[in-house]
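# Commentary on secondary and tertiary structure
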Amino acid sequence: MIEISHVNKWYSPTFQVLTDCTTNVTKGEVVVVCGPSGSGKSTLIKCVNALEPFQSGDILVDGTKVNDPKTNLPKLRSRVGMVFQHFELFPHLKIIDNLCLAQEKVLGRGHDKAQAKGMQLLERVGLKEQAQKFPAQLSGGQQQRVAIARALAMDPIVMLFDEPTSALDPEMVSEVLDVMVDLAREGMTMMVVTHEMGFARKVANRVIFMDRGEIVEDAAKDDFFGKPRSDRAQKFLSKILSH
Amino acid sequence: MNYNWNWGIFFQPNPMGTGTYLDMLLSGLALTLKTAALAWVIALITGSLVGVMRTLPSKGANWFGFAYVEFFRNMPLLVQLFLWFFVLPELLPKGAGTWLKQLPNAPFWTAAIGVGFFMSARVAVQLQAGISSLPRGQKMAATALGLTTAQGYRYVLLPMAFRIILPPLTSEFLNTIKNTAVAITIGLLELTGQARSMQEFSFQVFEAFTAATILYLLVNAVVVTAMRFLERWVAIPGYITGK
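What comes next is a walk through the structure. Bear in mind the structure is a predicted one, so any value in this text is a computation, not a measurement. In this convention, every chain numbers its residues from 1, walking through the sequence in written order. Labels are handed out in written order, letters beginning with A for the chains and numbers beginning with 1 for the ligands. Under the rules for a predicted model, residues below a pLDDT of 70 receive no local features and side-chain atom pairs below 80 are neither given nor counted, while totals for whole chains, interfaces and linings still include all residues. Side-chain figures throughout are based on the complete set of non-hydrogen atoms in the structure, without hydrogens or water.

Only DSSP runs of H or I covering at least 4 residues are called helices, and only runs of E covering at least 2 are called strands; the numbering of each starts at the N terminus. What chain A contains, in helices and strands, is 9 helices and 10 strands. Atoms counted for the radius of gyration: C-alpha only. Globule rule: 2.2 Å times residue count to the power 0.38. On C-alpha atoms alone, chain A measures out to a radius of gyration of 18 Å, which is about the 18 Å that the 2.2 N^0.38 rule sets for 243 residues. In terms of principal-axis extent, the alpha carbons of chain A reach across some 55 × 45 × 30 Å. In chain A, which comprises 243 residues, the share counted as buried stands at 55%. Taking all contacts inside chain A whose residues are at least 6 apart in sequence as the whole, residues at least 24 apart take part in 65%. For chain A, the computed accessible surface area is about 10500 Å², with 47% contributed by carbon and sulfur atoms. For this count, His and the chain ends are skipped, Lys and Arg are scored as positive, and Asp and Glu as negative. For this purpose, a charge sits on NZ of Lys, CZ of Arg, CG of Asp or CD of Glu. Across chain A, the mean location of the 30 positive side-chain charges is 2 Å away from that of the 30 negative side-chain charges. Throughout, exposure labels follow a simple rule: accessible area from a 1.4 Å probe, protein chains only, divided by the maximum for the residue type, with under 20% read as buried, over 50% as exposed, and the rest as partly exposed. Any two residues whose heavy atoms approach within 4.5 Å at even a single point are treated as in contact. Surface accessibility follows the Shrake-Rupley procedure with a 1.4 Å probe radius. Residue values consider only the protein chains on display as shielding.

Structure below.
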């Protein structure tokens, strides 16, 4: 579904942010990307739907080359759902209109159909009652669930999550993770940048560990958490799992 | 000081045979409002376009926006009006120059367009600031949903940016109205021009300019009140200044 091969990205010859990154996410797979801050994991996931450009290498999403100038990027992006660290709901639109905007303007769905789809997804994330409110009237956890529903409304073939719980108060993390776990169990293809190792243990098929712009470890979940692995990954895990 | 106050002067007939002196001032007020309205429409439209250009990823658009703003804001308004009114017709080919000079209402069009362009540079800078003040993720979220750049601006960035800059925009609207007084120098008989004619005909300088002052204050009070209502009307529930 996502094929990343030999991707390099740099801002200047001395400032390399991604070095020769190669991995792939197959259909129905849940891949968790972790690593210390500044390791390039957010940058890598943003390269997948071309929110960030990269200088060399290739990324294919469902067979379409992301870095080909001839690719219709808006069309490709509309099929790749993305959830951001800071939710990024549109503050001037009601919750339901946040879900309808791209359905109508990008997919060309009629207003009634978009509304119906939006309400169905809001119900799914448990926020049907909030449809007529504005984003600033919701808690962080609720906003992030709306953001997930907004991405799902586009019927994506794959979902990208960029640290979806990092900006949340601790008591709101689980409500968002629950939605993501359900999604994973339903067979959604997911690439998730997160520090939530509990989530990784529960639903990930593979875990990718990045450090200083490189993919240091790319292993099946049980291998990553069980068998011996690279020093850097071990150090990282001991730090975040010690509490 | 030996000055004969005569507040009754407003109800005496003016020497032009167009009614009383008050009628003279009111016709000046009408022209001020017409000029300011057209200038403000020009300022809003061109200012918005240029402001957006200054935030686009295209280098060419940035450069054009930069050059436009610096050209129109770095010259005194008075000089600009003289340029459009006296210099431009001489620079054009002879036929076009003569046609321009003989246009009916030339001072009106020159003033509206001149003040409009002058103010558009200021609107552009404010809109640019408004757009830049939005979180970077907003544009990314719009892009990630598949919205094109134009759609992203239309449905996501501009509705928020304009809300944010509404208070300073009110000041610019007031400045536009007040700046039309400069058009007296190219022979436009707007409110200031009519007050001056009244003084020249009647020698009642204090009465004439007191009346003009009050009329300017009244008009601007109406604009300020209207903009307040607009601010409240577009306020977003739960969001900074929202209800």
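It is worth spelling out the nonpolar core at this point. The term nonpolar core refers to a set of buried residues drawn from Ala, Val, Leu, Ile, Met, Phe, Trp, Tyr and Cys, joined through side-chain atoms within 4.5 Å. In terms of nonpolar packing, the biggest core is built from 93 residues, with I2(A), I4(A), I59(A), F90(A), L160(A), M191(A) and M198(B) touching the most fellow members. Among residues more than four places away in sequence, those in contact with I2(A) are T23(A), N24(A), V25(A), V48(A), L60(A), V158(A), L160(A) and M191(A).

All names here are of chain A. Should DSSP find at least two bridges between two strands, the strands are taken to pair. Pairing in this open sheet of 6 strands is mixed, and the strands run β6-β7-β8-β3-β9-β10 from one edge to the other. Among the strands making up the open sheet, the edge pair consists of β6 (80–83) and β10 (214–220). Across the sheet, the mean angle separating the axes of adjacent strands is 15° when strand polarity is ignored. By the bridge criterion, 4 bridges tie strand β3 (residues 30–34) to strand β9 (residues 206–211) in an arrangement that is parallel. Bridge pairing in β9 links C34 to F209. Where helix α5 (residues 140–152) meets the sheet, its contacts fall on β6 and β7 (158–162), and the angle it forms with β6 comes to roughly 170°. Lines are fitted to the C-alpha atoms to define the axes, a helix being fitted only along its stretch in contact, and any angle between axes, read from their N-to-C directions, falls within 0 to 180 degrees.

Residue and element names in this part refer to chain A. Bridge analysis of strand β1 (residues 2–12) against strand β4 (residues 56–61) gives 5 bridges, and the strand direction is antiparallel. Of the residues in β4, the one forming a bridge with I4 is I59. By the bridge criterion, 2 bridges tie β4 to strand β5 (residues 64–65) in an arrangement that is antiparallel. Directly across from L60, in β5, lies its bridge partner K65. Here β4 folds back onto β5, and the loop between the two strands holds 2 residues, one of which, D62, carries a positive phi near 50°.

Counting residues at the interface gives 24 residues for chain A and 23 residues for chain B. If you sort the residues of chain A by the area they bury against chain B, F90(A), P91(A) and H92(A) come out on top, with a joint share of 27%. Salt bridge, as used here: a side-chain nitrogen of Lys or Arg that lies within 4 Å of a carboxyl oxygen of Asp or Glu. Put simply, chain A and chain B have 0 salt bridges between them. Throughout this description, a polar contact denotes any pair of N or O atoms lying within 3.5 Å of each other; where both atoms belong to protein, one of them has to be capable of donating a hydrogen while the other can accept it, and for residues adjacent in sequence the pair is counted only when both atoms sit in side chains. Applying the counting criterion to the chain A and chain B interface returns 5 residue pairs in polar contact (both at pLDDT 80 or more). Of all the secondary-structure elements, those providing two or more residues to the side of chain A that touches chain B are α2 (73–78), β6 and α3 (95–105) of chain A. Only Asp, Glu, Lys and Arg are considered charged, only Ala, Val, Leu, Ile, Met, Phe, Trp, Tyr, Cys and Pro nonpolar, and every remaining residue, Gly among them, polar. Residues that form the side of chain A that touches chain B fall into these classes: 14 nonpolar, 4 polar and 6 charged. The term buried area denotes the loss of accessible surface (1.4 Å probe radius) that occurs when two parts are joined, taken as the sum for both partners.

This next bit is on the packing of helix α1 (residues 21–53) of chain B against helix α10 (residues 205–234) of chain B. All names here are of chain B. One way to put it is that α1 packs onto α10 with a least axis distance of 11 Å and a crossing angle of 35°. Crossing geometry of α1 relative to α10 is assigned as right-handed. Facing L25, L29, T32 and L33 of α1, the residues of α10 in contact are A208, A211, L215, Y216 and V219. Partitioning the contact of α1 with α10 into residue classes produces 8 nonpolar, 1 polar and no charged. Put simply, a crossing is left-handed when the front helix is turned counterclockwise from the back one by less than a right angle, and right-handed when it is turned clockwise.

With that settled, consider the sheet that holds β5(A). All names here are of chain A. Read from one edge of the open sheet, 4 strands run β2-β1-β4-β5, paired in antiparallel fashion. With one partner strand each, in any of the chains shown, β2 (15–25) and β5 form the two edges of the open sheet. Taken strand by strand, helix α1 (residues 41–48) contacts β1, β2 and β4, and its axis lies near 120° from that of β1.

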